[in-house]
Amino acid sequence: MRPLDRPSWDEYFLEIARVVASRSTCLRRKVGAVLVLQRRILSTGYNGTPTGLAHCADVGCLREQLHVPSGERHELCRGLHAEQNAIIQAAIHGVAVKGASLYCTHFPCVVCAKMLVNAGIRHICLAEDYPDKLAKEIFSEAGVAVRYLF
């Protein structure tokens, strides 16, 4: 903590991402994401099923039922990832995210990494790692700065 027990900006936005993750309906991993530009929150997202669809808590986890290991076959899931939902929410409300920073509870998967690069996200601050080598290579090649706050 900083003087007067005041969190840094990175700590502040990462803590907000943790609160956002608490809304997740995923049975495997609760993830929260916050897109920030010039210290202002643009949008948030958490992982879960699309609007209007039954939550996995109600119908079960397809990935568990099919014995899909973590980090594989992302298309075999009823839900969207937190990063995807943050980008979608910004788009729905007409908010540009180019140049924004992502604060996320977990390292993005390769699918989200590609979306974040194309959305113009240049900085990512994370609380937890995720084993996706290709995502890390994509961020490196695209010049996206990645930092961890453990």
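Here, the structure is the one placed above.
The present account deals with the structure reproduced in this document. (Residues numbered from 1 in each chain as written. Predicted model: local features only at pLDDT ≥ 70, side-chain atom pairs only at ≥ 80, totals over all residues. Heavy atoms only, no water.)

Focus on the packing of aromatic side chains
As a reminder of what qualifies: Here a pair means two rings of Phe, Tyr or Trp (six-membered ring of Trp) with centres within 6.5 Å. Their orientation is stacked below 30 degrees between planes, edge-to-face above 60, and tilted elsewhere. Note on conventions: DSSP H or I runs of at least 4 residues are helices, E runs of at least 2 residues are strands, and numbering of each starts at the N terminus. Relative accessibility thresholds used throughout: buried, under 20% of the residue-type maximum; exposed, over 50%; partly exposed, between the two (1.4 Å probe, protein chains only). Two conditions define a charge sitting above a ring: the NZ of Lys or the CZ of Arg must be within 6 Å of the ring centre, and it must be within 35 degrees of the ring normal.
By the definition in use, this model includes six aromatic pairs. Considering the side-chain rings of Trp9 and Tyr12, the 5.8 Å spacing of their centres and the 85° angle between planes classify their relative orientation as edge-to-face. You can see Trp9 and its partner Tyr12 sitting in helix H1 (residues 9-21), three residues apart, about one turn around the helix. Here Tyr12 falls in the partly exposed class, since its relative accessible area comes to 39%. Three or more aromatic residues link up through ring pairs in this structure, and these residues are Trp9, Tyr12, Phe13 and Tyr103. The ring centre of Phe107 lies 5.1 Å from the NZ or CZ of Lys136, which sits over that ring.

Description of the packing of helix H4 (residues 82-92) against helix H5 (residues 110-119)
We apply this condition: Each axis is a line fitted through C-alpha atoms, and for a helix only the stretch in contact is used; angles between axes span 0 to 180 degrees, taken between their N-to-C directions. Should an angle fall under 35 degrees it is called roughly parallel, over 145 degrees roughly antiparallel, and 65 to 115 degrees roughly perpendicular, with every other angle called oblique. Each helix crossing is assigned a hand: it is left-handed if the near helix lies turned anticlockwise from the far helix by less than a right angle, otherwise right-handed if that turn is clockwise. We call two residues in contact when some of their heavy atoms are within 4.5 Å. Amino acid classes used here: Ala, Val, Leu, Ile, Met, Phe, Trp, Tyr, Cys and Pro are nonpolar; Asp, Glu, Lys and Arg are charged; the rest, including Gly, are polar.
For the pair H4 and H5, interaxial distance at closest approach is 9 Å and the crossing angle is 30°. The orientation of H4 with respect to H5, classified from their angle, is roughly parallel. H4 and H5 meet at a crossing whose hand is left-handed. On the side of H4, the interface is formed by Glu83, Gln84 and Ile87, while H5 contributes Val111, Cys112, Met115, Leu116 and Ala119. Class assignment of the residues belonging to the contact of H4 with H5 gives a composition of six nonpolar, one polar and one charged.

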